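# Structural characterization, general
Now for the letters of each chain:
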Amino acid sequence: MRKLTRQKSLRFLVLLLVSVTFTIFAAILFALFHSTMPKMLLEAENRYHLQQQKVVAGLFDAALRDTYLLAEDTAAWRETVRFVLGTNPDYLLKNWSGTTLLQSFRQNYVLFLNSAGETVYSDFYDYLQDRPLDEPEGLEQALSAAARDVLRQPALLHPQGRRGIILHEGSAYSVAIAPVCLDYKPGDVYGVLILGNFLNNA
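All of these numbers come straight from a predicted model, not from anything done at the bench. As a convention, each chain's residues are numbered from 1 in the sequence order in which they are written. Under the rules for a predicted model, residues below a pLDDT of 70 receive no local features and side-chain atom pairs below 80 are neither given nor counted, while totals for whole chains, interfaces and linings still include all residues. By convention in this description, side-chain values take in all heavy atoms of the structure and omit both hydrogens and water.

### Re the overall build of the chain
Short version of the rule: Helix and strand definitions follow DSSP, with helices as H or I runs of at least four residues and strands as E runs of at least two, each counted in order from the N terminus. What makes two residues a contact is simply this: any of their non-hydrogen atoms within 4.5 Å. Method for areas: the Shrake-Rupley scheme with a 1.4 Å probe, in which residue coverage is limited to the protein chains shown.
Broken down by element type, the chain carries six helices and six strands. Looking at the chain alone, contacts between residues at least 24 apart form 56% of all its contacts between residues at least 6 apart. Of the roughly 13,500 Å² of accessible surface on the chain, a fraction of 58% belongs to carbon and sulfur atoms.

### Overview of the nonpolar core
Across soluble globular proteins, you tend to see nonpolar side chains buried next to one another. Spelled out, the test is: Here the nonpolar core consists of buried residues drawn from Ala, Val, Leu, Ile, Met, Phe, Trp, Tyr and Cys, with membership extended through side-chain atoms lying within 4.5 Å. Only protein chains enter the accessibility calculation, which uses a 1.4 Å probe; a residue is then buried when its area is under 20% of its type maximum, exposed when over 50%, and partly exposed in between.
By size, the foremost hydrophobic cluster in this structure holds 20 residues, and its most contacted members are Leu92, Leu101, Val110, Phe112, Leu193 and Leu195. Residue assignment for this core shows that the elements contributing at least two residues are helix 1 (2–75), helix 2 (78–84), helix 3 (91–95), helix 4 (101–105), strand 1 (109–114), strand 5 (171–180) and strand 6 (191–199). The next biggest cluster of nonpolar side chains, apart from the first, holds 19 residues, and it includes Phe124, Leu139, Ala142 and Ile194.

### Examining the sheet that holds strand 1
Going by this rule: Here a strand pair is declared whenever DSSP counts at least two bridges between the two strands. An axis is simply a line fitted to the C-alpha atoms; with a helix, the fit covers only the stretch in contact. Between two such axes, the angle follows the N-to-C directions and lies from 0 to 180 degrees.
Taken in spatial order, the six strands line up as 3-2-1-6-5-4 in an open sheet, and their pairing is antiparallel. What marks the edges here is a single partner per strand, and that holds for strand 3 (131–132) and strand 4 (162–168). Helix 5 (residues 139–146) contacts strand 1, strand 2 (119–126), strand 4, strand 5 and strand 6 of the sheet and is inclined by roughly 145° relative to strand 4.

### Some thoughts on the side chain of Glu140
Our working rule: For the purpose of charge, His is not counted, nor are the chain termini; Lys and Arg are scored as positive and Asp and Glu as negative. A pairing counts as a salt bridge when a side-chain nitrogen of Lys or Arg comes within 4 Å of a carboxyl oxygen of Asp or Glu.
As for its placement among the helices and strands, Glu140 is situated in helix 5. For the buried residue Glu140, which engages in no salt bridge, the nearest side chain bearing the opposite charge is Arg148, 12 Å off.

### A few points about the pairing of strand 5
The element strand 5 is largely enclosed, with a buried count of eight among its ten residues. Sheet topology places strand 4 next to strand 5; seven bridges connect them, and they run antiparallel. Opposite Ile165, over in strand 5, you have Ser174 as the bridge partner. Between strand 4 and strand 5, which pair antiparallel in sequence order, lie two residues; one of them, Glu169, sits at a positive phi of approximately 50°. Strand direction decides the pairing type here: strand 5 and strand 6, joined by nine bridges, are antiparallel. Residue Ser174 lies in a different strand from strand 6, and its bridge partner there is Asn197.

### Points about the pattern of salt bridges
Summed over the entire model, instances satisfying the criterion amount to one salt bridge. For Arg131, the salt bridge identified is with Asp126, shortest N-O distance 3.8 Å. Residue Arg131 is classed as partly exposed on the basis of its relative accessible area of 36%.

### Some details on the side chain of Asn108
Structurally, the position occupied by Asn108 is in the loop between helix 4 and strand 1. In this structure Asn108 comes out as buried when scored by relative accessible area, which is 9%. Beyond its immediate chain neighbours, meaning those up to four positions away, Asn108 contacts Leu102, Asp123, Phe124, Tyr125, Asp126, Tyr127, Leu133, Gly196, Asn197 and Phe198.

### Details of the packing of aromatic side chains
A ring pair, where both rings are aromatic, is described by two values, the distance of the centres and the angle of the planes. Rule in force here: Ring pairs shown here join Phe, Tyr and Trp side chains whose ring centres sit within 6.5 Å, with only the six-membered ring taken for Trp; geometry is labelled stacked below 30 degrees between planes, edge-to-face above 60, and tilted in between.
Tallied over the full model, the rule gives eleven aromatic pairs. Through successive ring pairs, a cluster of aromatic residues spans Trp77, Phe83, Tyr91, Trp96, Phe105, Phe112 and Tyr121.

### Focus: the pairing of strand 2
As judged from the five bridges shared by strand 1 and strand 2, these two strands associate in the antiparallel manner. Each residue of the ladder has a partner; that of Leu111, found in strand 2, is Ser122. Between strand 1 and strand 2, which pair antiparallel one after the other, the connecting turn spans four residues, and Gly117 there sits at a positive phi close to 85°. The antiparallel pairing of strand 2 with strand 3 creates a hairpin that spans four residues between the two strands, and Asp130 there sits at a positive phi of about 55°.

### What to know about unusual backbone geometry
With a phi close to 55°, Arg106 is a non-glycine residue in the positive phi region. With respect to the helices and strands, Arg106 occurs in the loop between helix 4 and strand 1. One non-glycine residue, Glu169, lies in the positive phi region at around 50°. Tracing the chain through its elements places Glu169 in the loop between strand 4 and strand 5. For Glu169, a relative accessible area of 69% corresponds to the exposed category.

Here it is in structure tokens:
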């Protein structure tokens, strides 16, 4: 009888020890999980958002680069030089017959300025909905101001354009400013070609 009692007591102690050990182990795991998991999830979420930001930034940079290349190529045409000088009135019709420059380039706005910074031609267009757009108030003046450094480049230098984002009246616009000159060789800058898009949620 005593032996049986001892066995039961030993079994109870073993079970109690196992239960206590398991409880302590579970509490430690819960504490570790509770303290580290939110941090791990937050870090994973932050990494994901950073990756998405890099993807979006890369796509935007590529689109802006493509816009600038369009502006740069067009601004180097001899016909474009003559247009900003006022001696090529059929320039747009001859080069974009049956369409428009903005429809062809898939941009929202275009401005041609002469060497004095005066607007030779401007247009605003929604190429997605195929309809004209009203010019945002004051945007043309803001773009003209952004083009001044390009217009003022010394004739002995290879003309350099600009590209980036301009903020105006609470709205953002992508902008590519290319100097109008012949084949981008050192020489006179006859004006600028400005292309860009409205940056909105559309």
